[in-house]
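Spelled out from the first residue to the last, the chains are:
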Amino acid sequence: MNQDAQQGRTGRRLMSRLNGAILIAVLLMVIIPCGVIHHGDGQARYAQAKAIALRGSFDIPWEFLQGNPESGLIRRAPNGRYYPVHGPGMPLLWTPLVWLASWSSRLAGLPLDAVAGFLISLVNPFLVLETWCLLRRQAAAVASNRTAHTLGLLYLFGTMALVYANTSFSEVVCGLALLYVLATASFASRSARLIPAGFVAGILCLVRYEMFLLFAAVPMILLYRRLWTPVRWTALASVVGPGLAATLNWVQRGSPMRAGPGTLSDQFAAPWTGLAGYVADMDKALWLYFPVLWLAIPAIWHARRDPRFRPLLAATAIMWLTYVPLYAASVFDGVPNWGGGLCYGTRHFVILMPVTVLMLAPLVAWLTRRTGLLARTALIAPMAFGLVIQLPGTSVKSEQADMVSRVTGESNLQTHFKLLWLKLTRGPGHPEVYRRSELVAARSDEVDPVMDFRDRRTFRWLHHWWAMVLASKMQGYSLLGAHGYREHSDCAERGRWIIDQRKFAQRRSRWVMAARRQE
């Protein structure tokens with residue numbers, strides 16, 4: 001009888017977890033819009049995924065290069081073939097989806113690129129969901145369920161999780177893998193669990209080349225915990241990934257130390273500008289876009305006092321001390337890349353956020369046991385502030401805000417908020433056409449350019465549909481009877497010419513720099 005009751009409780013617990021996961025998945029799909037791979041990294045990786053799926057090769061055929069929006073992200077190797085500057089990890093992850101898109105597009109008579117782009121855009125939302133589940137599961141194993149629930153909320157609302165779920169950047173999958181690796185190495189003791197963690201730690205360098213530094217993390221943590229038996233096999237498993245990456249670089253580029261953007265010496269410079277930007281730059285400051293870091297200092301104190309979290313604390317500290325100066329010194333095509341390029345906030349550190357949130361478990365457990373206003377504010381403030389910061393990032397495209405900010409001369413963050421406010425106040429009639437005078441004060445003798453994003457492939461879908469619904473309620477409009485775009489037809493051609501000329505100038509500068517480096 002007791003065994004039947006125990007099985008019944010286990011079944012109800014599993015069903016409760018499954019229902020919760022389904023609910024979170026539905027909420028992510030409702031809040032986070034999907035439909036396109038809307039940046040150059042995604043387009044370059046998709047070209048290689050299509051080559052792997054349809055041609056069975058890592059090099060990209062010439063016909064797949066036509067129309068690629070960021071030619072600087074695909075380079076010609078010494079063997080005369082074309083490869084992305086990034087590793088093949090994400091294309092290999094997308095290959096099954098390209099196969100599925102190829103079959104379903106022929107069945108439904110739809111364009112392959114549109115179907116594949118939609119399927120690939122669903123990957124990161126589910127990776128965010130899996131990160132949330134893994135974070136709660138790891139926290140529940142060493143703390144209370146209340147602590148695990150609070151950490152899950154801190155991850156969703158106190159980091160940039162919702163923003164980067166709406167991209168095809170690789171930081172989300174790297175963050176999930178890093179959480180799995182460090183949590184397993186810090187809390188598990190069996191070789192059957194530690195060896196796969198070592199393998200994942202090494203294989204991450206196929207996704208991002210700088211992750212090769214992680215292959216030594218698991219053996220070092222095991223040595224710190226004095227687990228001598230699994231160290232050998234775990235270390236052996238962790239060198240598989242760097243070995244594969246070095247082999248691919250040697251075959252494709254003629255040298256194991258030559259990654260896509262160039263030799264390692266070409267990819268780093270003095271880190272001082274980047275370090276200052278992480279503190280004071282309004283568009284890239286870590287404390288502004290990742291409010292969970294507000295709790296980092298007291299979290300270190302509480303983690304030091306808990307013996308179970310000391311290995312995780314040491315590993316997380318090593319990650320931050322390694323990758324902060326590494327990313328601050330990063331250079332891409334001779335241009336400082338410490339901010340992550342065209343993105344909202346600093347996308348590099350999305351990788352470190354899940355494991356950093358898990359490190360907060362001792363502090364969060366201590367705060368949840370307190371009933372005072374200060375303890376509650378310490379937990380609610382990062383979530384509330386993070387949600388406010390994430391709303392413009394989920395409803396306004398980074399490329400769109402970057403183009404507008406270049407015209408207005410304002411910061412990227414300020415432009416995101418202004419565009420979001422315009423969408424909410426103007427209604428759903430013409431949300432993708434902006435005048436410069438609507439964003440900044442202009443003199444009467446100045447040219448008032450029009451920026452039109454309606455018919456660009458990147459902004460074909462209304463990703464901010466919830467903002468449009470809210471705007472329709474505020475303005476009394478009907479979504480079905482929304483204003484058309486006919487009144488803006490003359491301005492649209494002029495604005496499209498301005499944006500296209502600016503984009504062409506940016507691409508031309510990349511091509512010239514790439515040609516000079518090849519010479």
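Keep in mind it's a predicted model, so treat the numbers as computed, not measured.

### A few points about the overall build of the protein
Next, step 1: Helix and strand counts for the protein come out as 24 helices and eight strands.
Next, step 2: Across the 519 residues of the protein, 54% fall into the buried class.
Next, step 3: In the protein, 72% of the contacts between residues at least 6 apart in sequence involve partners at least 24 apart.
Next, step 4: Of the roughly 24400 Å² that the protein leaves accessible, carbon and sulfur atoms contribute 63%.

### Section: unusual backbone geometry
Next, step 1: For arginine 226, which is not a glycine, the phi torsion comes out positive at approximately 60°.
Next, step 2: In this fold, arginine 226 is placed in the loop between helix 11 (217–225) and helix 12 (231–238).
Next, step 3: Its relative accessible area of 65% is what places arginine 226 among the exposed residues.

### Focus: the side chain of threonine 415
Next, step 1: Along the polypeptide, threonine 415 turns up in helix 22 (residues 412–426).
Next, step 2: When its relative accessible area of 1% is taken as the criterion, threonine 415 is described as buried.
Next, step 3: Sequence-distant contacts of threonine 415, that is, excluding residues within four places in its chain, are made with Ala401, Val404, Ser405, Thr408 and Glu410.

### Structural notes on the packing of helix 5 (residues 112–121) against helix 6 (residues 123–142)
Next, step 1: With their axes 4 Å apart at the nearest point, helix 5 and helix 6 run at an angle of 15° to one another. With respect to helix 6, the element helix 5 is oriented roughly parallel. Along the contact surface, helix 5 presents Leu119, Ile120 and Ser121, while helix 6 presents Val123, Asn124 and Pro125.
Next, step 2: The class makeup of the residues in the contact of helix 5 with helix 6 is four nonpolar, two polar and no charged.

### Re the pattern of salt bridges
Here the idea is simple: oppositely charged side chains can pair when their charged atoms come close.
Next, step 1: The full count for this structure, using the stated rule, is seven salt bridges.
Next, step 2: Residues aspartate 59 and arginine 81 are paired through a salt bridge, measuring 3.7 Å at the closest nitrogen-oxygen approach. Of the two residues, aspartate 59 is situated in the loop between helix 2 (40–55) and helix 3 (62–65) and arginine 81 in the loop between strand 1 (74–76) and strand 2 (82–84); the sequence distance between them amounts to 22 residues.
Next, step 3: Linking arginine 308 and aspartate 306 is a salt bridge whose minimum nitrogen-to-oxygen distance equals 3.1 Å.

### Some details on helix 6
Residues separated by three or four positions in an α-helix point in the same direction, a consequence of the helix having 3.6 residues per turn.
Next, step 1: Over its 20 residues, helix 6 runs 29 Å from end to end, which matches the ideal 28 Å to within 8%, given 1.5 Å per residue.
Next, step 2: Within helix 6, 14 of the 20 residues are buried, which leaves it mostly tucked inside the rest of the structure.

### Some remarks on helix 7 (residues 145–158)
Next, step 1: Compared with an ideal rise of 1.5 Å per residue, which puts 14 residues at 20 Å, helix 7 spans 19 Å between its outermost C-alpha atoms and is within 8% of the ideal.
Next, step 2: When we look at burial in helix 7, the residues that qualify are Thr147, Ala148, Thr150, Leu151, Gly152, Leu154, Tyr155, Leu156 and Gly158.
Next, step 3: Structurally, helix 7 contributes buried residues whose contacts are with helix 6, helix 8 (161–164), helix 18 (353–359), helix 19 (361–368) and helix 20 (373–395).

### A look at the environment of proline 291
Next, step 1: Relative to the assigned elements, proline 291 resides in the loop between helix 15 (286–289) and helix 16 (296–305).
Next, step 2: Taking the C-alpha atoms as reference points, proline 291 and phenylalanine 157, separated by 134 residues in sequence, lie 9.0 Å from one another.
Next, step 3: Contacts of proline 291, omitting those with residues within four sequence positions, involve Gly158, Pro382, Phe385 and Gly386.

### Concerning the packing of helix 6 against helix 9 (residues 171–187)
Next, step 1: Direction vectors running N to C along helix 6 and helix 9 enclose 15°, while the axes themselves pass 9 Å from each other. What the angle tells us is that helix 6 and helix 9 run roughly parallel. Classified by chirality, the crossing of helix 9 by helix 6 is left-handed. Contact residues: helix 6 offers Asn124, Leu127, Val128, Glu130, Thr131, Leu134, Leu135, Gln138 and Val142, while helix 9 offers Val172, Val173, Leu176, Leu179, Tyr180, Ala183 and Phe187.
Next, step 2: The residue makeup of the contact of helix 6 with helix 9, split by class, is twelve nonpolar, three polar and one charged.

### A closer look at the nonpolar core
Next, step 1: Counting 99 residues, the largest nonpolar core has Met160, Leu182 and Phe349 as its most contacted members.
Next, step 2: Per-element tally for this core: the top contributor is helix 9, with eleven residues.
Next, step 3: Not counting the four nearest positions on each side in its chain, leucine 182 is found in contact with Ala217, Ile221, Leu312, Ala315, Met319 and Val355.
Next, step 4: Ala44, Leu73, Ile74 and Val85 belong to the second-largest nonpolar core, a separate cluster that totals nine residues.

### Here we look at the environment of alanine 192
Next, step 1: Within the element layout of this structure, alanine 192 appears in helix 10 (residues 191–203).
Next, step 2: Judged by relative accessible area, which is 56%, alanine 192 ranks as exposed.
Next, step 3: Measuring from C-alpha to C-alpha, the distance between alanine 192 and proline 230 comes to 8.9 Å, with 38 residues separating the pair along the chain.

### Some details on the packing of aromatic side chains
Any two aromatic rings considered together are summarised by their centre-to-centre distance and by the angle between their planes.
Next, step 1: The final tally for this structure, using the stated rule, is nine aromatic pairs.
Next, step 2: Judged by centre distance (5.4 Å) and plane angle (90°), the rings of tyrosine 289 and tyrosine 344 are edge-to-face. Of this pair, tyrosine 289 sits in helix 15 while tyrosine 344 is found in the loop between strand 6 (335–336) and helix 18, placing the two residues 55 residues apart along the sequence. Tyrosine 344 carries the same exposure label as tyrosine 289, and that label is buried.
Next, step 3: For the ring pair tryptophan 294 and phenylalanine 385, a centre distance of 5.2 Å and an interplane angle of 45° mean the geometry is tilted. Of this pair, tryptophan 294 sits in the loop between helix 15 and helix 16 while phenylalanine 385 sits in helix 20, placing them 91 residues apart in sequence.
Next, step 4: On the basis of relative accessibility, which here comes to 30%, the residue phenylalanine 385 falls in the partly exposed class.
Next, step 5: Aromatic ring contacts, followed pair by pair, group Tyr278, Trp320, Tyr323, Tyr327, Trp338 and Phe349 into a single cluster.

### What about the side chain of threonine 147?
Next, step 1: One can find threonine 147 in helix 7.
Next, step 2: What threonine 147 contacts, discounting residues up to four positions off in sequence, is Ala361, Val364, Ala365 and Thr368.

### Observations regarding the confidence of the model for the protein
Next, step 1: The share of residues in the protein with pLDDT of 70 or more is 71%, and the mean pLDDT across the chain is 76.
Next, step 2: Per-element mean pLDDT across the protein ranges from 46 in helix 24 (residues 489–518) up to 95 in helix 18.
Next, step 3: Residue range residues 475–502 is modelled with pLDDT below 50. Its contacts to residues more than four positions away, or to other chains, number 43 contacts.

How each quantity is defined
- Residues numbered from 1 in each chain as written.
- Predicted model: local features only at pLDDT ≥ 70, side-chain atom pairs only at ≥ 80, totals over all residues.
- Heavy atoms only, no water.
- Helix = DSSP H or I, 4+ residues; strand = E, 2+ residues; numbered from the N terminus.
- Buried < 20%, exposed > 50% of the residue type's maximum accessible area, 1.4 Å probe, protein only.
- Contact = heavy atoms within 4.5 Å.
- Areas by Shrake-Rupley, 256 points an atom, 1.4 Å probe, with all protein chains shown as cover.
- Axes fitted to C-alpha atoms, helices over the stretch in contact; angles between N-to-C directions.
- Parallel < 35°, antiparallel > 145°, perpendicular 65-115°, else oblique.
- Nonpolar A, V, L, I, M, F, W, Y, C, P; charged D, E, K, R; others polar.
- Salt bridge = Lys/Arg side-chain N within 4 Å of Asp/Glu carboxyl O.
- Expected span 1.5 Å × (residues − 1).
- Left-handed = near helix turned anticlockwise from the far one by under 90°.
- Core = buried A, V, L, I, M, F, W, Y, C linked by side-chain atoms within 4.5 Å.
- Phe/Tyr/Trp six-rings, centres within 6.5 Å; stacked < 30°, edge-to-face > 60°.
- pLDDT = per-residue confidence, 0-100.

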